[in-house]
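Summary of the model geometry
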Amino acid sequence: MVSRAAWLYIGLVVLATAALVNSAPVTVPVTAQFWRELIILQLLFLVCDSTPAPLVSRQTKWSPSSAATLAAVVLLGPVPAALVGAVSVLSIKRQLRLDGRLFNGAMGALSGLLAGMAYVALDGKVAPAGFGHNPWWIIGPFAAAAAVHVLTNQGLIWGVYRLNRGRRMLRSEGLESSLPLLLVSDLGYAALGLIVASLWMLMGAFAAVLVLIPLFVARWAMGQFAEQQRAYSATMKALCQAVETKDYYTRGHGDRVSLGSGMIARQIGMGTDRTDAIEFAGMLHDVGKLGVPTQVLQKTGPLTEDEFAAIQLHPMRGLEIVREIGFLNEALAGIMHHHERIDGRGYPMGFAGHEIPEFARIIAVADAFDSMTSTRSYREAKSIPDAVTELIRGADTQFDPLIVGAFIAALKREGWPVPGPAAKPEDLTTVTVKDHDDPTAPLRVIQP
Amino acid sequence: MTSPSAADRWSSWQALDSGRLLLMSTAAMLVLAAFATATIEVRVSHVAMKVALSFGGFIALGELLRLALPGGREAAPIALVGGMSYAMLTRVNDVPMTGSPRLASAALLVIAVAAIGMMVGALPHIAAGRPAGLTGMCTRLVAIACVAFLFRTVGAGLVHDHSWKMMLAVITPLVLLGWLADTIVGALIRADDVGARFSVAISDEIRVQWALGAGVCASVIIVVLGAQVMGLAELAVFLGPLLVTQVAFRRYAGIRATYLQTVRSLARVTEVAGYVEAGHSRRVSRLAVAVGRELGMPERDLLQVEYAALMHDIGQLSLRDPIPGGATVLVSAADQERIAELGADVIRQAGVLEEVADLVRRQSWPATGHEPPPPLGSMIIRAANTFDDLVGASTDRERSAAALDRMRLDPSQYASRVVTALAEVAGRRLAWRL
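Residues numbered from 1 in each chain as written. Chains lettered and ligands numbered in written order. Predicted model: local features only at pLDDT ≥ 70, side-chain atom pairs only at ≥ 80, totals over all residues. Heavy atoms only, no water.

1. Structural notes on the overall build of chain B
If you tally the helices and strands in chain B, you get 16 helices and 4 strands. Here the contacts in chain B between residues at least 6 apart in sequence split such that 73% fall between residues at least 24 apart. When the accessible surface of chain B is split by element, carbon and sulfur atoms take 63% of a total near 17,700 Å². (Helix = DSSP H or I, 4+ residues; strand = E, 2+ residues; numbered from the N terminus. Contact = heavy atoms within 4.5 Å. Areas by Shrake-Rupley, 256 points an atom, 1.4 Å probe, with all protein chains shown as cover.)

Encoded structure:
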């Protein structure tokens, strides 16, 4: 974020914090002990903030540092909580520029301050010597403080993303897709702030050390998840490429259909889980082609009925391979029906209109588009505008017009990676002559 | 790891091996003793009753939210935290928790509460048709009982003064002991189940569980000490981070399982494409894992072997024409090497499976005379592949014996200890199918 708007935004957050600090109630006498406690909480914050867990393939990272700020709210009050949040400026992260640091610091301070003010406003007792006979009373004010903290934090981050979205720094709207999970995690670990505070009354600063252990365990699990997820998609990609080596011209096809399907899914507002599922389905949609004999795929001239039937079987073959993967059933239906046509003349089932599952209607559009914009042995690649015209022509007969519209809108926003012109392969025997996905050159079948 | 198919699985009464039986009877005796004492001797105060109900509920919730860990394990970390911290609770919100006249019966009260909590938590599992997870519950109960007896008879005497340092010094070793008991009993049962060596099973178990274990141990300490200040409210608040952490673990275990499942399915492309016989890659991987386990390989290496075995034929996709029957054992050594190299190239492209690619690449190397010698995993895959190429899905004893003989006669190609282990595994497999 380097734009003037972003700087203005940071300035506003800093100003708001400064204005509020003046009106915040002073709660704890400033003594040597106060400074000791403040510094230890700041250290706790810094340790958490400097070791964030990566969230899967998103640009956001997550750290449980809110626990330190909220402990400061209970132990020291609103202004010290702001001071704890503000050390985010110093967080030991590489690749963080000055503007990012300033924003993080201002955000930490403001959310700490607001949380503290909410806590005090609801009669939360700051720096209690103990929780007395009925400790339940503290949960209400504390929960309000935690909610304010989490919401301020996420709200401010959301603002930054909104500012950046116009500049297309984020392709996948990282924030919004994982937001519910982030909010819940934040709230869960915010509760740890109260635990730190209560242990603090018993054992002093050692409480911070004790709480670090579960925090790091949680971070470990999140990191492992992200790592496994990355390994998983990398392996999927490699295996799909292995499938595509059988056919020179269709290399990268699965990858691009996956991309296109994902674009459409996000455009029509699908949730994260379904978007992930359709991306996998797009990648694997042609896996069943392996079950089609190579001679049939490479045949020039019209096909016999039997050969055409063999090609028409490939979605079923694909289903056979991926059926046991713990996929959403929708993804399986997408693979099975990606060659159905809206007018009912497709295969394998001859479904029409909305009988065709939504996933299949989406994959069909992305599939045809990539086929048309790639080079084939019998023709050059079409330009993107030409292929779009072709899609529009096919809307209502071959494609779902709504999906075509969504794809065109997504295309305008995000662009399309046109595959480089494929160099002539030395070994011509590995070339598919007819592309079964190409809507401009349908397979010819010998009529009996 | 591979789970045995329905045909390989014994009926449930046969699966009650001696280790499991011992564990269950121990747990049953503890529970009986606990209930007997609790009903006769213990006169609990109003506060102690509330505490018992809260911790019982906590344990029930933990049992309800069990966690699947890598390798088909099941854990209930929240239930374990609840049980162990209840075992070592001395004061709740400055009210002392002695509970009963005799110390041993205080421990038995803990066991009774934990047992009831676990049973209540298991009920929804049973109602939903899932396994009750009796073994896991017994394991946890025994671990909780260890902690409770040790703390109530020895530890509690040491912590009468209000010093938190003394408290910490007493409960830290005890909670570690409790976790270790849970892990070791779990490893014992698992070693029996999968046929692994006990020493290997223990180190595997610790490797899988250490992170969760550290979290459990720290959580117990936090609950016990925090309850002194905040009372039962602390239990409710601490549930937040515990649940979120559990979700993180669940997602981690889930993606690992999906990963394995996906590789298993995609490895079948060679079968659908007609390059190899149906079921080949899965049979080879199952065999290779069993042989690896027989030879005492740790779980981490077994996972690599499993991936490599599943994908060992992926290089054939680059061949223009399928080998007849897909039996790589029938083609020349040079061709075998080429297929292995091509397959390794495919796997290496993923960028995350270097070791697996290496196993696949070296699967065609002879056992002796090659510099450097092939790794054990590659030798196992080679032997398992040859065996399946020659025997296939057949359960014919003579065919299997002939294949093994052929490999025994060729010690330069097949390492003799691998063939011996393979014979052992194949023999067991035939016995199961009778």
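The discussion continues.
2. Remarks on a nonpolar patch on the surface
All names here are of chain B. Together, Leu180, Ile184, Leu188, Phe198, Ile206 and Trp210 give the surface a local cluster of nonpolar side chains, amounting to about 500 Å² of exposed area. Listed by contribution, the elements that provide at least two residues to the nonpolar patch are α6 (164-194) and α7 (198-230). Note on placement: leucine 180 falls in helix α6. (Patch = residues over 30% accessible without salt bridge, like charges linked within 9 Å, V, L, I, M, F, W, Y side chains within 5 Å. Salt bridge = Lys/Arg side-chain N within 4 Å of Asp/Glu carboxyl O.)

3. Notes on the packing of aromatic side chains
For the structure shown, the criterion picks out 14 aromatic pairs over all chains. Ring geometry for A:Phe369 versus A:Trp416: centroids 5.2 Å apart, planes at 85 degrees, classification edge-to-face. Here A:Phe369 is found in helix α16 (residues 358-372), whereas its partner A:Trp416 is found in the segment after α18 (401-414), with 47 residues between them in sequence. Residue class for A:Phe369 comes out buried when judged on its relative accessible area of 0%. Taken together, a centroid distance of 5.3 Å and an interplanar angle of 40 degrees make the contact between B:Tyr259 and B:Tyr307 tilted. Placement of the pair is B:Tyr259 in helix α8 (residues 232-266) and B:Tyr307 in helix α11 (residues 299-310), with a sequence separation of 48 residues. Put simply, the rings of A:Trp220, B:Trp210, B:Phe249 and B:Tyr252 touch in pairs and so form one group of aromatic residues. Directly above the ring of A:Phe225 sits B:Arg251, whose terminal nitrogen or CZ lies 4.0 Å from the centroid. (Phe/Tyr/Trp six-rings, centres within 6.5 Å; stacked < 30°, edge-to-face > 60°. Buried < 20%, exposed > 50% of the residue type's maximum accessible area, 1.4 Å probe, protein only. Lys NZ or Arg CZ within 6 Å of the ring centre and 35° of its normal.)

4. Concerning unusual backbone geometry
All names here are of chain A. Along the chain, tyrosine 347 connects to proline 348 via a cis peptide bond; the corresponding omega equals 5 degrees. Within the secondary structure layout, proline 348 lies in the loop between α15 (329-336) and α16. Despite not being glycine, aspartate 396 has its phi angle at roughly 85 degrees, a positive value. Turning to its location among the elements, aspartate 396 is positioned in the loop between α17 (384-394) and α18. Judged by relative accessible area, aspartate 396 falls into the exposed class, the value being 54%.

5. Focus: the interface of chain B and chain A
Contacts between the two partners involve 56 residues from chain B, matched on the other side by 59 residues from chain A. Buried surface at the junction of chain B and chain A, summed over both partners, amounts to about 5,300 Å²; 76% is from carbon and sulfur atoms. At the junction of chain B with chain A, the criterion picks out 0 salt bridges. Where chain B touches chain A, the interface holds 3 residue pairs in polar contact (both at pLDDT 80 or more). Among the elements that line the side of chain B that touches chain A, the one with the most residues is α8(B), at 24 residues. Taken together, the residues of the side of chain B that touches chain A break down into 37 nonpolar, 13 polar and 6 charged. (Buried area = accessible area lost by both parts, 1.4 Å probe. Polar contact = N/O pair within 3.5 Å; in protein donor to acceptor, adjacent residues only side chain to side chain. Nonpolar A, V, L, I, M, F, W, Y, C, P; charged D, E, K, R; others polar.)

6. Section: the packing of α6(B) against α7(B)
Residues and elements named next belong to chain B. Put simply, α6 and α7 touch, their axes get as near as 8 Å, and they point 145 degrees apart. At the point where α6 passes α7, the crossing takes the right-handed sense. Tallied by class, residues from the contact of α6 with α7 come to 20 nonpolar, 6 polar and 2 charged. (Axes fitted to C-alpha atoms, helices over the stretch in contact; angles between N-to-C directions. Left-handed = near helix turned anticlockwise from the far one by under 90°.)

7. Topic: the pattern of salt bridges
Residues and elements named next belong to chain A. Inspection of the entire model under this criterion finds 27 salt bridges over all chains. With its nearest N and O atoms 2.4 Å apart, the salt bridge here joins aspartate 370 to arginine 256. Taken as a pair, aspartate 370 in helix α16 and arginine 256 in helix α10 (residues 253-267) lie far apart in primary sequence, 114 residues in all. Across the pair, arginine 256 and aspartate 370 agree in class, each one buried.

8. Describing the packing of α10(A) against helix α11 (residues 272-284) of chain A
Residues and elements named next belong to chain A. Packing of α10 against α11 brings their axes to within 7 Å, and their N-to-C directions diverge by 150 degrees. One element, α10, and the other, α11, form an angle in the roughly antiparallel class. Between α10 and α11 lies a crossing of right-handed hand. Between α10 and α11, the contacting residues are Gly254, Asp255, Val257, Ser258, Ser261, Gly262, Ala265 and Arg266 on the first element and Thr275, Ile278, Glu279, Gly282 and Met283 on the second. In terms of residue class, the contact of α10 with α11 is made up of 4 nonpolar, 6 polar and 3 charged. (Parallel < 35°, antiparallel > 145°, perpendicular 65-115°, else oblique.)

9. Focus: the confidence of the model for chain A
Residues and elements named next belong to chain A. In this model, chain A carries an average pLDDT of 82, and 86% of its residues clear a pLDDT of 70 or more. Across chain A, the secondary-structure element scoring lowest on mean pLDDT is helix α7 (residues 174-177), at 47, and the one scoring highest is α16, at 93. In the model, residues 167-176 has pLDDT below 50 throughout and makes 22 contacts with residues more than four positions away in sequence or in other chains. (pLDDT = per-residue confidence, 0-100.)

10. Notes on the environment of B:Leu23
Residues and elements named next belong to chain B. With respect to the secondary-structure elements, leucine 23 resides in helix α1 (residues 18-40). Residues leucine 23 and alanine 201 lie 178 residues apart in sequence; the distance between their C-alpha atoms is 17 Å. Apart from the residues within four sequence positions on either side, leucine 23 is in contact with Thr135, Cys138, Thr139, Val142, Val185 and Ile189.

11. Digging into the side chain of A:Thr152
All names here are of chain A. For threonine 152, the position within the fold is in helix α6 (residues 139-165). You can call threonine 152 buried: its relative accessible area is 14%. Among residues more than four places away in sequence, those in contact with threonine 152 are Leu110, Ser111 and Leu114.

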